[in-house]
Structures are given as C-alpha cells and as structure tokens.
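Architecture at a glance
Chain by chain, the residues:
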Amino acid sequence: FHEIRGAEIIPEDQLMVVPFPRLMSDLENMSSALLDFLEVDPSQEFKNTIEAKAKKQKTFKSGHSYSLEEFGLDEGRVMNDLSFVYNFYDVAPAKA
C-alpha cells in the first residue's frame, strides 16, 4: 500500500488514510471527515452511536499487553524496518 500511495497510483480524491491513533482519540471528527469524504449523509441514529462510542473510547484502557521480545523483535529493528512509515505519515512510534 505504501508504495502504491507513494507512486500516486490511487488518486488522492479516492483515498483517505485514517491514522489509528487519531481514530481512537478523535472518533467523532474522524467519523465526520470520513463520511464527508464518502459523501454519506448519516442518520441521526448513526450520529448518536458515534457520539456514545466516542465518549466510552475516551476512558477506555486496553487490558492487552505485549512485548516485542514475544515476537522475536526489538525496538531498534522495528524503528529501522518501519522508519519509512513513521516518516511518510509523520507519526511517532508508540512507546511501550
């Protein structure tokens, strides 16, 4: 996907990248932007559902815990292997 996007094979007006951290921290605005992009007029019920999910999401804390070592990885390798993603999308890697 990264190579296709970088080569502009998919026209920008047909592609919307939704960064997961932003989706988690700003669900209502991201949903609104996505619906606008898709030219969808959501029902009031849908808007209410998004609003309720967004409120719950702000206080949600996952009980999952993983370590890079469990997968045979280390931070240096991940940073090296995925640096093009962090740079292209201008995102910082998550800290454990």
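Our structure's up above, just so we're on the same page.
What counts and what doesn't
- Residues numbered from 1 in each chain as written.
- Predicted model: local features only at pLDDT ≥ 70, side-chain atom pairs only at ≥ 80, totals over all residues.
- Heavy atoms only, no water.
- Helix = DSSP H or I, 4+ residues; strand = E, 2+ residues; numbered from the N terminus.
- Buried < 20%, exposed > 50% of the residue type's maximum accessible area, 1.4 Å probe, protein only.
- Contact = heavy atoms within 4.5 Å.
- Areas by Shrake-Rupley, 256 points an atom, 1.4 Å probe, with all protein chains shown as cover.
- Lys, Arg positive; Asp, Glu negative; His and termini not counted.
- Charge placed at Lys NZ, Arg CZ, Asp CG, Glu CD.
- Phe/Tyr/Trp six-rings, centres within 6.5 Å; stacked < 30°, edge-to-face > 60°.
- Expected span 1.5 Å × (residues − 1).
- Arc of directions from axis to C-beta.

Glancing now at the overall build of the chain. The secondary structure content of the chain amounts to 5 helices and 0 strands. Reading the chain from its N end, one meets helices and strands in the order α-α-α-α-α. Principal-axis analysis of the C-alpha atoms places the extent of the chain at approximately 45 × 40 × 20 Å. Counting across all 96 residues of the chain, residues that qualify as buried make up 12%. In the chain, once contacts between residues fewer than 6 apart in sequence are set aside, the share between residues at least 24 apart is 35%. With an accessible surface of roughly 8,100 Å², the chain has 55% of that area assigned to carbon and sulfur atoms. Here the chain contributes 10 positive and 17 negative side-chain charges, whose respective centroids are spaced 9 Å apart.

Any aromatic ring pair is given by two values, namely how distant the centres are and how the planes are angled relative to each other. Under the defined criterion, the tally for this structure stands at 1 aromatic pair. With a centroid separation of 6.4 Å and 50° between ring planes, the pair formed by Tyr-66 and Phe-71 is classed as tilted. You can call Tyr-66 exposed: its relative accessible area is 59%. The class for Phe-71 is exposed, based on a relative accessible area of 56%.

Attention now moves to helix H4 (residues 44-59). Helix length check: H4, at 16 residues, gives a terminal C-alpha distance of 24 Å against a target of 22 Å (1.5 Å per residue), a fit within 8%. Every buried residue of H4 is accounted for by Ile-50, Ala-54 and Gln-57. For H4, the angular spread of buried residues about the axis comes to 70°, placing them on one side. Within H4, the exposed residues directed more than 90 degrees away from the buried face are Gln-44, Glu-45, Lys-55, Lys-56 and Thr-59. Packed against the buried residues of H4 are helix H2 (20-25) and helix H3 (27-38).

What follows deals with H3. For H3, built from 12 residues, the straight-helix expectation of 16 Å at 1.5 Å per residue is met to within 8% by its first-to-last C-alpha distance of 16 Å. Among the residues of H3, those classed as buried are Leu-27, Met-30, Ser-31 and Leu-35. Projection of H3 onto a plane perpendicular to its axis shows the buried side chains occupying an angular sector of 135°, all on one side. Buried residues along H3 sit against H2 and H4.

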